[in-house]
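A structural walkthrough
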Amino acid sequence: MILIDIFFLALLTSAEDLPCMLQGYPEYSQLSKDGDIIIGGIFSFHSSWNETKLTFSNMPEPLKCKSLNFRAYQYAQTMIFAIEEINNSTEILPDVSVGYKIYDSCSSITLAIRAAMALANGPEETVSDTACTGPSTVQAIIGETSSTPTIAISTSIGPFYIPVISHFATCACLSDKQKFPSFLRTIPSDFYQSRALAKLVKHFGWTWIGTLYSDNDYGNNGMANFVDAAQREGVCIEYSESFFRTNPVKKIQRIVDIIKKSSSKVIVAFISHLDMDVLLKELSLQNVTGLQWIGSESWIADSHFASREGRNVLRGSIGFAISNAVIQGLKDFLLKVRPSTGDNLYRELWETVFSCTFPSPQNTEIPFACTGNEDLSVINNQYTDVSELQISNNVYKAVYAIANALHMIYSCTSNQNQNKTCVNTRKTEPLQVLDYLSKVNFTTKTGETVYFDENGDPAAKYELVNWQLNEEGKTEFVTVGHYDASLPEDTQLKLTGAHIVWTQNEDQAPVSVCSESCAPGTRKAVQKGRPVCCFDCVPCAEGEISNTTDSIDCIKCSLEYWPNSQRDECVLKETEFLSYEEIMGKVLVFFSLLGATITCSITIVFFRYRNTPIVKANNSELSFLLLFSLTLCFLCSLTFIGQPFDWSCMLRHTAFGITFVLCISCVLGKTIVVLMAFRATLPGNNIMKWFGPTQQRFSVLAFTLIQVLICTLWLTISPPFPYKNTKYYKEKVILECDIGSLAGFCAVLGYIGFLSAMCFVLAFLARNLPDNFNEAKFITFSMLIFCAVWTTFIPAYISSPGKFTVAVEIFAILASSFGLLICIFMPKCYILLLKPEKNTKKYLMGKMPSNNLSISLSKA
């Protein structure tokens, strides 16, 4: 390996002493003119060539070009026109003549490179008798018309730092200064066009599209940039197919079949004009219509497609194009071309345009002979048409950019040349021209500013054009918007408001989506194995909403809010509490007031008959206190109805606990009196002295104070408070009273239960006392009802939802209160009002064995 390196090093070292010899056939320019400085040009005057057979025994013959390209002729003539303007100008490069050498690349990369080498070294077979270190024959090169040959030229010429300015090579890859240090262009990079196309697709809501692109550097790089930008915009691509104009017909047909079977209605075509010509023929042949075409600048503003047969396939197309321009005097210059100038290129152009042949010594009998006096002004083709000069204007600007750079060098106006001798025109190096090209900044006659950024690119500005039929039935390009990459991102794309004609002359933009948009209240769920643009619309889950179209996720409502029926808005939850306005609340209020009214009525009856035996039989004072406590029990249930507040929550539980203890204490006092009165009848028993009226009052007070103390501790440590319960119902908020301290609540209920159980046991023991009106029997029944109600209350209270919890508690209070009222007082009221004959001591003591019981009861 080391020996090989030494060999090549020696070979390269000795090459400096060898003469510079041209390898292969020499290349000669098709159009040329001498001058003090020379500008090179490479254009594809022909679009193809005849294939040659390679024998591998003889040197291959030069390629023979065919199929004239009229557009390339116009570009070349525009270059010559600009050079002639400069030579006739006194403001730019005075006293300096500019010449040109223009080559035909024949759309071949090989010929493009050979032309570039010829421009750099000259066409002579022996370039120099010394080393190959001579100066370049040109100061700059204008070309090529497409990206792939331009890449080849720039790669070959780059190491020599000869400026290469392209008028139509848009591949973003050419902006890489590491690979292409001497490349510049007067047409914006596809980097910006790709993003503009992605923004355009997104603007009209097309999220499901197909893409076609040329299988070359222009198409591959442009489409790669577009796909990247489209994905960031949320656009999905159903299919992406590439082709080249030389591909077999079967491949073109296969692509057309894919287009016909696809569900997307929009196609982004990043295709060169020559490739698009081939595709359009097949589309027209199969009558593929109804698709919305989005075109790149290569073909979207090409009048050739708009006027040729099959243009109805592309009707309504829209895309970005370079702004049109007017070059004064170019039309007349193009028509001055004559074949008598001696250039074979012009003769071929003439023969092709007028379908004639010039006579020659070998062929004098010609059916249609060219005279050379034919009138080009009557011809309308891509060469003579100056209505669309976007690309020709780029050639025009490229020539003037080179001239301005040279003018800066020769006029010594640059900061680098201050206080220095002006450059000799004969010793100008391409590297100097390249340096000054990066600094040019001038305005053309049409008011367009020309400059290059650090990547050698111009300002990225496009017109959005739409194919529309005019009154004459011809297709014209109508500007409907603009794109300026120098503006902020959200303002780069602007529509002018002009009417857009879509495919099939529709007034409304077509719809091209894989799945219809998800309305608010739903979210997108991506279909398994398919692009993100293909999705199902799934309703938001309970408690969640989505308030935008095509929402990815649903938003959970806060605790006090719940989705509306459409699930696109969180609304305040319905609050639930036992209200006075609802039927259940009214019914409970009615029975509460009814119980209080009945109790008050009984109190009045008892007060009226307070001196009768039936009232005095069991301590009338305790009876009245019991009636008072029952009235409070009925009324305390009202505090459970209505919206809970701090005071109502504390009042309802404490009032209930204290009034019920007061009530049970009175009943307990009555029960003890009855039981002790029976025991007092036994000989020698003086127990009643401990259960007199004073002791009874004290016992009731003591029992009640204990409950008051419990409630006070409960309210002090952790009182009940209003609480919004959002757990039981998802769509409602239950306004209820939280008990605060569970221990306090259990202590209150437990104390009531203890007194009730003790009262029940004592009453049960006294149930069989020999008395015509034994109150212990009724107390036993009342306590039995009381205990049954409150025993069933606990599971019902726990299992009842929302306001029914409060209703169960009120029902328990009313049921137990009615049980006490009915069992203890209704029998007495029955006797007082309906059986007054039984309201006597004789009846009450009719079955007593002695009068001691009567005496005891009367004292009690």
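Residues numbered from 1 in each chain as written. Predicted model: local features only at pLDDT ≥ 70, side-chain atom pairs only at ≥ 80, totals over all residues. Heavy atoms only, no water.

1. Topic: the packing of aromatic side chains
Just so we agree on the cut-off: Only the six-membered ring of Trp is used, alongside the rings of Phe and Tyr, when aromatic pairs are assigned; centres must lie within 6.5 Å, and planes under 30 degrees apart are stacked while those over 60 apart are edge-to-face, with the rest tilted. Here a helix means four or more residues in a row that DSSP labels H or I, a strand means two or more in a row labelled E, and each is numbered from the N terminus. Think of it in three bands: with a 1.4 Å probe and only protein chains considered, a residue is buried below 20% of the maximum accessible area for its type, exposed above 50%, and partly exposed in between.
Summed over the entire model, instances satisfying the criterion amount to 21 aromatic pairs. Relative to phenylalanine 270, the ring of tyrosine 218 lies with its centre 5.2 Å away and its plane at 45 degrees, an arrangement referred to as tilted. With tyrosine 218 in helix H6 (residues 217-232) and phenylalanine 270 in strand S13 (residues 266-270), this residue pair connects regions lying 52 residues apart in the sequence. The pair tyrosine 218 / phenylalanine 270 is uniform in exposure class, with both members buried. Taken together, Phe81, Phe333, Tyr396 and Tyr400 form an aromatic cluster joined through their ring pairs.

2. Digging into the sheet that holds strand S28 (residues 721-725)
For the record, the criterion: A pair of strands is considered paired only if DSSP assigns at least 2 bridges between the two. As a rule, the C-alpha atoms of each element are fitted with a line to give its axis, helices using only the stretch in contact, and angles between N-to-C directions run from 0 to 180 degrees.
The strand order across the open sheet built from 3 strands is S27-S29-S28, with neighbouring strands paired in mixed fashion. Each edge of the open sheet carries a strand with a single partner, namely strand S27 (574-576) and S28. Between one strand axis and the next, the sheet turns by 30 degrees as a mean value, whatever way the strands run.

3. Focus on helix H16 (residues 620-636)
The line we're drawing: Every helix has an expected span of 1.5 Å times one less than the residues it contains.
Taking 1.5 Å as the rise per residue, H16 with 17 residues should run 24 Å; its terminal C-alpha atoms sit 24 Å apart, in good agreement. Regarding H16, the residues found buried are Leu622, Ser623, Leu626, Leu627, Ser629, Leu630, Thr631, Cys633, Phe634 and Cys636.

4. Regarding the packing of helix H5 (residues 190-203) against H6
Between two packed helices, the angle of one axis relative to the other and the distance separating the axes together describe the packing. Heads up, the rule is: In what follows, roughly perpendicular refers to angles from 65 to 115 degrees, roughly parallel to angles under 35, roughly antiparallel to angles over 145, and oblique to any angle outside these ranges. Handedness of each helix crossing follows the sense of rotation of the near helix against the far helix: counterclockwise by less than a right angle gives left-handed, clockwise gives right-handed. Residue contacts are defined here by distance: any two heavy atoms, one from each residue, within 4.5 Å place the two residues in contact. Under the convention adopted here, Pro, Cys and the residues Ala, Val, Leu, Ile, Met, Phe, Trp and Tyr are nonpolar, Asp, Glu, Lys and Arg are charged, and Gly plus all remaining residues are polar.
Following both chains from N to C, one finds H5 and H6 inclined at 45 degrees, their axes separated by 8 Å at the closest point. Between H5 and H6, the angle falls in the class oblique. Note on packing geometry: the crossing formed by H5 with H6 is right-handed. Where H5 abuts H6, its residues Asp190, Phe191, Ser194, Arg195, Leu197, Ala198 and Val201 lie against Tyr218, Gly222, Asn225, Phe226, Asp228, Ala229, Ala230 and Arg232. Of the residues that constitute the contact of H5 with H6, the class distribution is 8 nonpolar, 3 polar and 4 charged.

5. What to know about the state of the cysteines
Rules: Two cysteine sulfurs form a disulfide in these notes if their separation is within 2.5 Å.
For the structure shown, the criterion picks out 9 disulfides. The residue that forms a disulfide with cysteine 557 is cysteine 570, at a sulfur-sulfur distance of 1.8 Å. Measuring handedness by torsion sign, the sulfur bridge of cysteine 557 and cysteine 570 sits at about -85 degrees and is left-handed. Here the residue cysteine 557 occupies a position in the loop between strand S24 (555-556) and strand S25 (561-563), and cysteine 570 occupies one in strand S26 (residues 570-572), the gap between them amounting to 13 residues. Taking relative accessible area as the criterion, cysteine 570 reaches 24% and is therefore assigned partly exposed. Bridging cysteine 649 to cysteine 737, the disulfide has an S-S length of 1.9 Å. Where cysteine 649 bonds to cysteine 737 through sulfur, the torsion about that S-S bond is close to -80 degrees, and the disulfide is left-handed. Of this pair, cysteine 649 sits in helix H17 (residues 646-680) while cysteine 737 sits in strand S29 (residues 732-738); the two residues are 88 residues apart in sequence, bridging distant segments of the chain. Across the pair, exposure class does not vary: cysteine 649 and cysteine 737 are buried alike. The thiol sulfur of cysteine 636 is not disulfide-bonded, and the nearest other cysteine sulfur, from cysteine 633, lies at 5.6 Å.

6. Looking at the confidence of the model for the chain
Rule in force here: The pLDDT value tells you how sure the predictor is about a given residue, anywhere from 0 up to 100.
Of the residues in the chain, 86% reach a pLDDT of 70 or more, and the chain-wide mean stands at 83. Every residue in residues 847-860 is under pLDDT 50, and counting partners more than four places away or in other chains gives 25 contacts.

7. Brief notes about the UniProt feature "transmembrane region" (unreviewed entry) in the chain
The condition is simple: UniProt positions are given in the numbering used here, feature names are shortened, and annotations may be inferred rather than shown by experiment.
The UniProt feature table records "transmembrane region" (unreviewed entry) at residues 587-609, 621-642, 654-678, 698-719, 739-766, 778-798 and 810-833. As a span, residues 587-609 carries 96% helix and 0% strand, and end to end its C-alpha atoms are 33 Å apart. In residues 621-642, the share of helix is 73% and the share of strand is 0%. The end C-alpha atoms are 35 Å apart.

8. Re the sheet that holds strand S8 (residues 140-142)
Ordered by their spatial adjacency, 6 strands build an open sheet running S2-S6-S3-S8-S9-S10, and the pairing between neighbours is mixed. What marks the edges here is a single partner per strand, and that holds for strand S2 (31-33) and strand S10 (183-185). Recorded for the sheet is a direction-independent mean angle of 25 degrees between the axes of neighbouring strands. As judged from the 3 bridges shared by S2 and strand S6 (residues 98-104), these two strands associate in the antiparallel manner. Along S6, the bridge assignment pairs lysine 33 with tyrosine 100. The sheet contacts of helix H2 (residues 70-87) involve S2, strand S3 (37-43), S6 and S8, and relative to S6 the element is tilted by about 170 degrees. Packed onto the sheet, helix H3 (residues 109-121) meets S3, S6 and S8 and runs at close to 175 degrees relative to S3.

9. Let's talk about the environment of proline 163
The topology assignment puts proline 163 in the loop between helix H4 (147-157) and strand S9 (164-166). Owing to a relative accessible area of 0%, proline 163 belongs among the buried residues under this scheme. Along the chain, proline 163 and isoleucine 141 lie 22 residues apart, while their C-alpha atoms are 6.2 Å from each other.

10. Some remarks on the pattern of salt bridges
Defined as follows: A carboxyl oxygen of Asp or Glu within 4 Å of a side-chain nitrogen of Lys or Arg is what we treat as a salt bridge.
Tallied over the entire structure, the rule returns 15 salt bridges. Here lysine 33 ties to glutamate 84 by a salt bridge, and the two come within 2.9 Å at their closest N and O atoms. Here the residue lysine 33 occupies a position in strand S2, and glutamate 84 occupies one in helix H2, the gap between them amounting to 51 residues. For aspartate 228, the salt bridge identified is with arginine 232, shortest N-O distance 2.5 Å. Taken together, the positions of aspartate 228 and arginine 232, both in helix H6 and 4 residues apart, correspond to about one turn of that helix. Three or more residues are tied together by salt bridges with common partners; here these are Arg195, Asp228 and Arg232.

11. A short note on the side chain of serine 648
Tracing the sequence through the fold places serine 648 in helix H17. Overall, the relative accessible area of 5% leaves serine 648 in the buried class. Each residue touching serine 648, except ones within four places of it in the same chain, is listed here: Thr639 and Gln643.

12. Re the environment of aspartate 215
Here aspartate 215 is to be found in the loop between strand S11 (208-214) and H6. Note: C-alpha distance between aspartate 215 and phenylalanine 243 (28 residues apart in sequence) is 5.0 Å.

13. Here's the deal with unusual backbone geometry
Of all residues except glycine, most have a negative phi; of all peptide bonds, most are trans. Along the chain, glycine 143 connects to glutamate 144 via a cis peptide bond; the corresponding omega equals -5 degrees. You can see glutamate 144 is positioned in the loop between S8 and H4. In this model, tyrosine 161 sits at a positive phi of 55 degrees, which is unusual for a non-glycine residue. Relative to the helices and strands, tyrosine 161 resides in the loop between H4 and S9.

14. A word on the packing of helix H14 (residues 583-608) against helix H21 (residues 803-834)
With their axes 10 Å apart at the nearest point, H14 and H21 run at an angle of 25 degrees to one another. Judged by the angle between their axes, H14 and H21 are roughly parallel. As for the relative orientation of H14 and H21, their crossing is left-handed in sense.

15. Brief notes about the pairing of strand S14 (residues 292-295)
Quick reminder of the rule: Here, the term right-handed applies to a crossover whose path from the first strand over the helix to the second runs clockwise when the strands point away from the viewer.
Judged by which residues are buried, S14 turns out to be covered on both faces: Gln292 and Ile294 on one side and Trp293 and Gly295 on the other are all buried. Across 4 bridges, the pairing between S13 and S14 is parallel. Paired with valine 266 across the strands is glutamine 292, a residue of S14. With helix H8 (residues 273-285) bridging S13 and its parallel neighbour S14, the resulting β-α-β unit is right-handed.

16. Structural notes on the nonpolar core
Test applied: Buried Ala, Val, Leu, Ile, Met, Phe, Trp, Tyr and Cys residues form a nonpolar core when they are joined through side-chain atoms within 4.5 Å. By convention here, the domain bounds are inherited from an automatic or database domain assignment.
By size, the foremost hydrophobic cluster in this structure holds 98 residues, and its most contacted members are Phe43, Met79 and Leu93. Per-element tally for this core: the top contributor is helix H12 (residues 390-411), with 13 residues. Taken domain by domain, this core gets at least three of its residues from each of domain 1 (21-50 + 61-187 + 388-412 + 424-451) and domain 2 (190-296 + 302-327 + 460-505).

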